[in-house]
2 protein chains.
Amino acid sequence: MSEIVTAGILVIGDEILSGRTKDKNIGFIAEYLTNIGIDLKEVRVVADEEADIVDALNALRNRYTYVFTTGGIGPTHDDITADSVAKAFGVGIDHHPEVVARFRERWSEQDLNEARLRMARVPDGAELIQSATILAPGFKLGNVIVMAGIPSIMQAMMDIVAPKLKSGVRMLSDSVRANAREGDIGGPLREIANAHPDTIIGSYPFQDEDKKPNTNLVVRSRDPEKLSAAMAAVKEMLANLNIAAR
Amino acid sequence: MSEIVTAGILVIGDEILSGRTKDKNIGFIAEYLTNIGIDLKEVRVVADEEADIVDALNALRNRYTYVFTTGGIGPTHDDITADSVAKAFGVGIDHHPEVVARFRERWSEQDLNEARLRMARVPDGAELIQSATILAPGFKLGNVIVMAGIPSIMQAMMDIVAPKLKSGVRMLSDSVRANAREGDIGGPLREIANAHPDTIIGSYPFQDEDKKPNTNLVVRSRDPEKLSAAMAAVKEMLANLNIAAR
């Protein structure tokens, strides 16, 4: 049996905490990881402060198989992710010769200023995450994957790094629309959840097209037989409920 | 001088970590807190697991003035926020008589089942966050504010609780469109940031309407004079840059 592979996300940026920028990366990475069989267990968002980044990074990288960071790898003074990662790992950091060489192809001597050269700073021992369309590379150091904050670039980096990751047994999922109020099914649903321990049963209320309270029920499991047994129990419960409601 | 008031957010829910539901609460609360002079310092997202919720809650409530939680206060077995908060504080939890009384007005004896009664469970000593339009109340215990996960209900709860919070000196903010590439201004911008220590200067690249790389610069400070001095320095830098580029 394959191991369970876990992950944390660390979003780095004052602009998310001030509310000026609305994060679009957490939801994307969460769905991406679910699809490749990696369980996202925790997300943290911290400011552009070295101590905060280092603490969160060390907490997450010791706890989960992988940590994905977004943000803070640009050319300005508030971009301190690469230095913070180096500090968390206790390794040096310098301009990466391969990145500097690519920058020289792209920019004139005058344009390749100190600010732009900052984007070539990569911790010692890190593997670059780059392609022809990505200007400033991300990198992978140990189990930490450092990516851009701009969604389109982050997404390109995920596509590059994903094939290199271990993935676990994929979490399978099935869902059913209950056509019932959450409060009417909470009792029997708890019994089903207790009777099916290797599944995770989630209940998500929503307002349906007739403005009535309704509920989506989601059953998840790594074992397809356990998943369908639990879903069958859920559907039987819902059928009995609808008969009782007539 | 007023103190600085800080906050953390704890988002509770498997559905956010699986990517099935995209969080809309972090950005809303972040912007809300900024507007009332509370500094959001950290966000965490954890699963519907008691130990994870308790650990995150204790970390955040010991570190910040306030902690805002969203999610996990519905009627089903996966709604364990109230119990986890009681555990984190080491207090008891029971059906709150005022909430039960309101539920009895709303539901018949038959409909007020054990699942719905779960929504009346409130930790000892907590203050309710409720109104005529909110069915299941949130609550405030110590410095922890427990709110619904459904955005419209969470937003109504924020409006109720906000006037009761201490707020600090509001962080002021001003921004300018640089009409320059981030890499061209990173050097002088760092010098300005160093020369204006009581301000926070952020640099946010974007693609403008002509598909050209452009940059928004944001200056923040609690002191209006320091804010305008730093912004004047930024604008002077940009003017010199544009003269040099002619």
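Going by the structure above, here's the rest.
These notes cover the structure that comes with them. (Residues numbered from 1 in each chain as written. Chains lettered and ligands numbered in written order. Predicted model: local features only at pLDDT ≥ 70, side-chain atom pairs only at ≥ 80, totals over all residues. Heavy atoms only, no water.)

Thoughts on the interface of chain A and chain B
Contact with chain A, which involves 51 residues of that partner, is made by 51 residues of chain B. Summing both sides of the interface, chain A and chain B together bury roughly 4,200 Å²; the carbon and sulfur share of this comes to 51%. Along the contact surface separating chain A from chain B lie eight salt bridges. Among the salt bridges present, the one from R181 of chain B reaches D111 of chain A, with a minimum N-O distance of 3.5 Å. Taken together, the links from chain A to chain B amount to 16 residue pairs in polar contact (both at pLDDT 80 or more). Examining the composition of the side of chain A that touches chain B, we find that eight residues originate from one element, helix α8 (residues 182–195) of chain A, more than from any other. The residue makeup of the side of chain A that touches chain B, split by class, is 20 nonpolar, 13 polar and 18 charged. (Contact = heavy atoms within 4.5 Å. Buried area = accessible area lost by both parts, 1.4 Å probe. Salt bridge = Lys/Arg side-chain N within 4 Å of Asp/Glu carboxyl O. Polar contact = N/O pair within 3.5 Å; in protein donor to acceptor, adjacent residues only side chain to side chain. Helix = DSSP H or I, 4+ residues; strand = E, 2+ residues; numbered from the N terminus. Nonpolar A, V, L, I, M, F, W, Y, C, P; charged D, E, K, R; others polar.)

Observations regarding the sheet that holds strand β11 (residues 213–221) of chain B
Residue and element names in this part refer to chain B. If you walk across this open sheet you meet the three strands as β9-β11-β10, and the pairing is antiparallel. Both edges of this open sheet fall to β9 (172–177) and β10 (200–207), since each of them pairs with a single strand only. This sheet shows a mean twist of 20° between the axes of neighbouring strands, independent of strand direction. Summarising the sheet, β9 and β11 pair through six bridges and their orientation is antiparallel. The residue of β11 that forms the bridge with V176 is L217. Sheet strands in contact with helix α8 (residues 182–195) are β10 and β11, and its direction is about 170° off that of β10. (Pairing = 2+ DSSP bridges. Axes fitted to C-alpha atoms, helices over the stretch in contact; angles between N-to-C directions.)

Examining the relation of the copies chain A and chain B
Overlay of chain A on chain B (RMSD 0.0 Å): rotation 180°, translation along the axis 0.0 Å. Expressed as a symmetry operation, the mapping of one chain copy onto the other fits a two-fold axis. When each C-alpha of chain A is compared by its distance to the rotation axis, R44 of chain A comes out closest, at 2.2 Å. The overlap is high: 100% of the interface residues of chain A also sit at the interface in chain B, so the same surface is used on both sides. (Least-squares fit on C-alpha atoms with pLDDT ≥ 70 in both.)

Points about helix α4 (residues 81–89) of chain B
All buried positions along α4 of chain B are accounted for by T81, A82, S84, V85, A86 and A88 of chain B. Phi turns positive, to about 65°, at G90 of chain B, one or two residues after α4 of chain B. (Buried < 20%, exposed > 50% of the residue type's maximum accessible area, 1.4 Å probe, protein only.)

Overview of the environment of P97 of chain B
With respect to the element layout, P97 of chain B can be found in helix α5 (residues 97–106). Here P97 of chain B falls in the exposed class, since its relative accessible area comes to 62%.

Notes on the packing of aromatic side chains
Aromatic rings in a pair are described by how distant their centres are and how their planes are angled relative to each other. Under the criterion given, the structure shown has six aromatic pairs over all chains. Plain terms: the ring middles of F28 of chain B and Y32 of chain B are 5.7 Å apart, the flat faces sit at 45° to each other, and that makes the pair tilted. Residue F28 of chain B and its partner Y32 of chain B are both found in helix α2 (residues 25–35); the two are separated by four residues, about one turn of the helix. On the accessibility criterion, F28 of chain B (26% relative accessible area) is partly exposed. Judged by its relative accessible area of 17%, Y32 of chain B is buried. Lying across the ring of W107 of chain A, R106 of chain A places its NZ or CZ 5.4 Å from the centre. The ring of F89 of chain B has R61 of chain B sitting right over it, with the charged end atom 3.9 Å from the ring centre. (Phe/Tyr/Trp six-rings, centres within 6.5 Å; stacked < 30°, edge-to-face > 60°. Lys NZ or Arg CZ within 6 Å of the ring centre and 35° of its normal.)

Focus: the nonpolar core
L10 and F68 of chain A together with L10 and F68 of chain B are the most contacted members of the largest nonpolar core, which has 120 residues in total. Counting residues in each nonpolar core, the second largest holds 17 residues, with A178, A180, I192 and M237 of chain B among its members. (Core = buried A, V, L, I, M, F, W, Y, C linked by side-chain atoms within 4.5 Å.)

Things to note about the sheet that holds strand β9 (residues 172–177) of chain A
Residues and elements named next belong to chain A. Overall, antiparallel pairing links the three strands, which are arranged β9-β11-β10 in an open sheet. Whereas interior strands pair on both sides, the edge strands pair on one side only; in this sheet they are β9 and β10 (200–207). The mean angle between the axes of side-by-side strands here comes to 20°, regardless of whether they run parallel or antiparallel. α8 rests against β10 and β11 (213–221) of the sheet, and its axis sits at about 170° to β10.

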